[in-house]
Amino acid sequence: MVTEPAAVKADWPLYEVFLRGKRGLNHVHVGSLHAADDQMALRHARDVYTRRNEGVSIWVVRSASIIASSPAEKDPFFAPSGDKVYRHPTFYEIPDDVPHM
């Protein structure tokens, strides 16, 4: 019995791909892909998302490993930081020559 390639790919885990475009910038989610293992995911991410030499760093993370808060939980989840005004950048000025702020 021959296994169809589509059936094999459906069993591969889903990975989320994050790319850093320049040194000093944050990694940004650029898409998702299926791969048989972590190394294959990294190679496929390189081939798919950096065709024009856009990236200097790639992260691949299994989607199943990502834990995220729900937008519906926004108010109770983030409420503890609301009363800590010292965490907000209103008490100092950022110089104009500071990049990426």
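Residues numbered from 1 in each chain as written. Predicted model: local features only at pLDDT ≥ 70, side-chain atom pairs only at ≥ 80, totals over all residues. Heavy atoms only, no water.

On to the sheet that holds strand 2 (residues 28-34). What the 3 strands build is an open sheet, ordered 2-1-3; its pairing is antiparallel. If you trace the sheet from one side to the other, it starts and ends with strand 2 and strand 3 (57-62), each paired once. Looking at each pair of strands side by side, their axes are set apart by 25° on average, direction ignored. Here strand 1 (residues 14-20) runs beside strand 3; their pairing, made up of 6 bridges, is antiparallel. Bridged to R20 within strand 3 is S57. Sitting on the sheet, helix 2 (residues 38-49) is in contact with strand 1, strand 2 and strand 3, with an inclination near 130° to strand 3. (Pairing = 2+ DSSP bridges. Helix = DSSP H or I, 4+ residues; strand = E, 2+ residues; numbered from the N terminus. Axes fitted to C-alpha atoms, helices over the stretch in contact; angles between N-to-C directions. Contact = heavy atoms within 4.5 Å.)

Regular strands place their side chains on alternate faces of the sheet. Burial analysis of strand 1 places 5 of its 7 residues in the buried class, which makes it a mostly covered element. Sheet topology places strand 1 next to strand 2; 6 bridges connect them, and they run antiparallel. Counted as the bridge partner of V17 is G31 from strand 2. (Buried < 20%, exposed > 50% of the residue type's maximum accessible area, 1.4 Å probe, protein only.)

What follows deals with helix 2. The terminal C-alpha atoms of helix 2, which comprises 12 residues, lie 16 Å apart, in line with the 16 Å expected from a rise of 1.5 Å per residue. The set of residues buried in helix 2 consists of M40, A41, A45 and Y49. The buried residues of helix 2 all sit within an arc of 135° when viewed along its axis, so they share a single face. Buried positions along helix 2 lie against strand 1, strand 2 and strand 3. At the N-terminal boundary of helix 2, the capping side chain belongs to D37, with an oxygen 3.2 Å from the backbone nitrogen of Q39. (Expected span 1.5 Å × (residues − 1). Arc of directions from axis to C-beta. Polar contact = N/O pair within 3.5 Å; in protein donor to acceptor, adjacent residues only side chain to side chain.)

A separate point is the nonpolar core. Y15, V17, L33, A35, M40, A41, A45 and Y49 form the largest nonpolar core, which has 8 residues in total. Elements with a contribution of two residues or more to this core: strand 1 and helix 2. The greatest single-element share of this core, amounting to 4 residues, is contributed by helix 2. Not counting the four nearest positions on each side in its chain, Y15 is found in contact with G31, S32, L33, A35, D37, D38, A41, V60, V61, R62 and S63. (Core = buried A, V, L, I, M, F, W, Y, C linked by side-chain atoms within 4.5 Å.)

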